[in-house]
Amino acid sequence: MSNEKPIIPSLNNPFAELKNLQFAVPGQIATDPGIYEEALEAGHKLQLRPRQAAEVKNIERQHQKQRMTIWERINVLTDAPPTILYQNWGPNLDGASLVTAIIRVNGRDVALYGHDFTVRAGSMDATNGRKLARLFQLAAKRRIPLVGLNDSAGAYIPAGVGGLDGYADAFTALRKISGVVPSVMCMFGFNAGGGSYLPRQGSFLIQPQDTFFGLTGPGVVKSVLGEDVSPEELGGPQVHSQSGVNDFVVPDEVAALKKVRELLNYLPSHNAELAPLQSSSDPVSRKTWDIDILLKKAFNSPSGFNTPIDISILIQQLCDHGDFLEIQPERARNTVTALGRMGGNVIGFVANNSAVASGQIDIDAAYKNARFIRFCNLYNIPMIFLEDTTGFLPGKEQEAGGIVQAGRAMLDAIVDLRTPRFLVLVRNAFGGAYASFNNYSTGADLVLALPTTRLAVMGPAGIEYVYKDELRAIRGSASGKREKIQRQQQAAGLAEAEARQVAQEQVREWLAAEEAELAVRYERELMNPNEALSLGSISQIVMPSELRQVLAENMEFHLRHYQPSALADVQREFH
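Calculation notes
Residues numbered from 1 in each chain as written. Predicted model: local features only at pLDDT ≥ 70, side-chain atom pairs only at ≥ 80, totals over all residues. Heavy atoms only, no water. Pairing = 2+ DSSP bridges. Helix = DSSP H or I, 4+ residues; strand = E, 2+ residues; numbered from the N terminus. Axes fitted to C-alpha atoms, helices over the stretch in contact; angles between N-to-C directions. Contact = heavy atoms within 4.5 Å. Core = buried A, V, L, I, M, F, W, Y, C linked by side-chain atoms within 4.5 Å. Buried < 20%, exposed > 50% of the residue type's maximum accessible area, 1.4 Å probe, protein only. Expected span 1.5 Å × (residues − 1). Arc of directions from axis to C-beta. Polar contact = N/O pair within 3.5 Å; in protein donor to acceptor, adjacent residues only side chain to side chain.

Enquirer: Can you help me understand the sheet that holds strand S7 (residues 204–208) in this one?
Expert: As a general point, the strands of a sheet are linked pairwise by backbone hydrogen bonds and lie either parallel or antiparallel. Across the sheet, seven strands lie side by side as S1-S2-S3-S4-S5-S7-S9; this open sheet has mixed pairing. A strand with exactly one partner marks an edge of an open sheet, and here the two such strands are strand S1 (83–85) and strand S9 (248–250). Pairs of neighbouring strands in the sheet enclose a mean axial angle of 20 degrees, with direction left out of account. Set on the sheet, helix H10 (residues 253–264) makes contact with strand S2 (98–105), strand S3 (108–115), strand S4 (146–150), strand S5 (183–187), S7 and S9; between it and S7 the angle comes to about 160 degrees.

Here it is as structure tokens:
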């Protein structure tokens, strides 16, 4: 057996020269240190204590899990060294498991908190809760955005009810600044309980792969319900991206921190200003020929006006240099919510995506839209709606799930919207979907239509109601026509059975042709923008290649005369 002592890892450099820290004023005559110097030395140690709280083995364990420490995450995120706030800690490292700071991101001040998982697994006690509450209040008072880097095992169990009180303090303070300053939360590591509730109170939530957060962990599920479930199946990124609990899924921690910087670039610092203007070399007069090419190829194809199109291509063409940030890109793909810029101004986009389920609005799409619209309303972000939908998704499953409630939530959000807002009718706009999708009656500032617009109370099925007399006459004569053809075929020498089959086939073709002719007539007379234009429901017809210029110039006018402010309307009842 070897008598060698095990090597203990250390962060100390064995080759570094050890120097005693001198607490002397430059240019002053040296004197023997006294109680004042002793106080300075003790204070210096207190300054360093939070950063030195983590043991080397805990830092190594964090790195082995492909995770950074809180200090490494801050260094990736900030433009310059952070200003660390509230450097409190106690005998049991109370408070040291949570770092609070003011940092600079894209040249702007940002309030930041982050759990230090290397200290008590980033757990929360009463000290942490008060510390967080103080940071949130500071962010609202100084009107700066908030970023949270969450990596916590939850409440610190030995702290007893103090851990729960800490979370309650943080919950309350974060709720009170909601709608005052925007907040962006990142989920790192394994979070449960309050460690999940707190970040989801934020405006946006970013979750890297190989992370977990949820009400309870797999172990609790196993003990209570007897179910074997993996962390990924219970609270992984794919689960939360489909439910709308997270807004972005990214590959790793560095990508998450980069996403924070990207997202903040689109957000105002507080609710009484516009999002930052970013000058662009992309002229607003740029022709959007690619929209013209897309629609031409789609609608001249064999499936005609029923051809699906990817609406994100239109958003790309409208935005400066084609750059935009899609929110919740993996949820409810039948609708697209995104932030982009036109003429340097930040714009919120809500668009039906006919490439998925004909762009029909289902429960998930309605709630996804409602939440994004309400955010834009709070933070003075103008909006453009691109409509191309055959309506709300019907069916027993949707009704049982509350499509009426979800649709109402979306409509309420649109009616309450106070920022400049436009509607572009791209193609289909039928029934209740049109009536609840930001038209003039619900408060739109401008409604435009492409020549491809098909605006009607009902889609093609409407011919059953508009031309019911003609259809009744056509279908009523089918029987007599069939008998006549059958007699003619029999007279020509065909057997009765064969003559009957020929007659049925010819009448079927005749009926299809007659109904197709009525469908063409329906589109010509009703499924077009003509009536809406004559009634003033549409302001103008815009050529696809001119869409960016018309929208950008009109938006510039409205923003010149829009006074950003905190939302002061009546707090209405919500779903």
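Enquirer: Where do I start with the nonpolar core in this structure?
Expert: The nonpolar side chains of soluble globular proteins are, as a tendency, buried together. Leu339, Phe385 and Leu425 are the most contacted members of the largest nonpolar core, which totals 67 residues. Looking at this core, the element that brings in the most residues is helix H13 (residues 363–378), giving eight residues. When near neighbours in sequence (up to four residues on either side) are disregarded, Phe385 contacts Val350, Ile373, Ile414, Leu417, Phe422, Leu423, Val424, Phe437 and Asn438. With 32 residues, the next largest nonpolar core counts Ile291, Met342, Leu446 and Leu551 among its residues.

Enquirer: Mind showing me how you'd approach helix H5 (residues 161–177) here?
Expert: Each α-helix winds once per 3.6 residues, and so residues spaced three or four apart point in a common direction. Helix length check: H5 (17 residues) gives 25 Å between terminal C-alpha atoms against 24 Å at 1.5 Å per residue, within 8%. The complete set of buried residues in H5 reads Gly162, Gly163, Gly166, Tyr167, Ala170, Ala173, Leu174 and Ile177. Buried residues of H5, viewed axially, fall in a sector of 140 degrees; they line one side. In H5, the exposed positions that point more than 90 degrees away from the buried face belong to Val161, Leu164, Arg175 and Lys176. As for H5, its buried residues are in contact with helix H4 (126–142), S4, S5 and helix H6 (194–200).

Enquirer: Would you mind showing me how to read the pairing of strand S14 (residues 421–430) here?
Expert: Counting buried positions along S14 yields 10 of 10 residues, so the element is predominantly enclosed. Pairing geometry for strand S13 (residues 383–389) and S14, over six bridges, is parallel. When the sheet's bridge partners are listed, Leu386 is paired in S14 with Val424. Here S14 pairs with strand S15 (residues 446–449) via four bridges, running parallel. Paired with Leu425 across the two strands is Ala449, which belongs to S15. Sheet topology places S14 next to strand S16 (residues 454–456); three bridges connect them, and they run parallel. Looking across to S16, one finds that Phe430 is bridged to Ala456.

Enquirer: In this structure, what is going on with the side chain of Thr453? I would like to understand it.
Expert: Here Thr453 shows up in the loop between S15 and S16. Overall, the relative accessible area of 2% leaves Thr453 in the buried class. For Thr453, the side chain forms a polar contact with the main-chain oxygen of Leu425, separated by 2.9 Å. Polar contacts involving the side chain of Thr453 include one to the main-chain carbonyl oxygen of Leu450, which spans 2.9 Å.

Enquirer: Would you mind showing me how to read the side chain of Arg120 here?
Expert: On the secondary structure map, Arg120 appears in the loop between S3 and H4. The exposure class assigned to Arg120 is buried, which follows from its relative accessible area of 17%.

Enquirer: Looking at this model, I keep getting lost on unusual backbone geometry. Mind explaining?
Expert: Trans peptide bonds make up the majority, and among non-glycine residues the majority have a negative phi. Positive phi is not limited to glycine here, since Asn106 has a value of about 55 degrees. Position of Asn106 relative to the elements: it lies in the loop between S2 and S3. The phi torsion at Asn438 lies on the positive side, around 60 degrees, for a residue other than glycine. Within the secondary structure, Asn438 sits in the loop between helix H16 (431–435) and S15.

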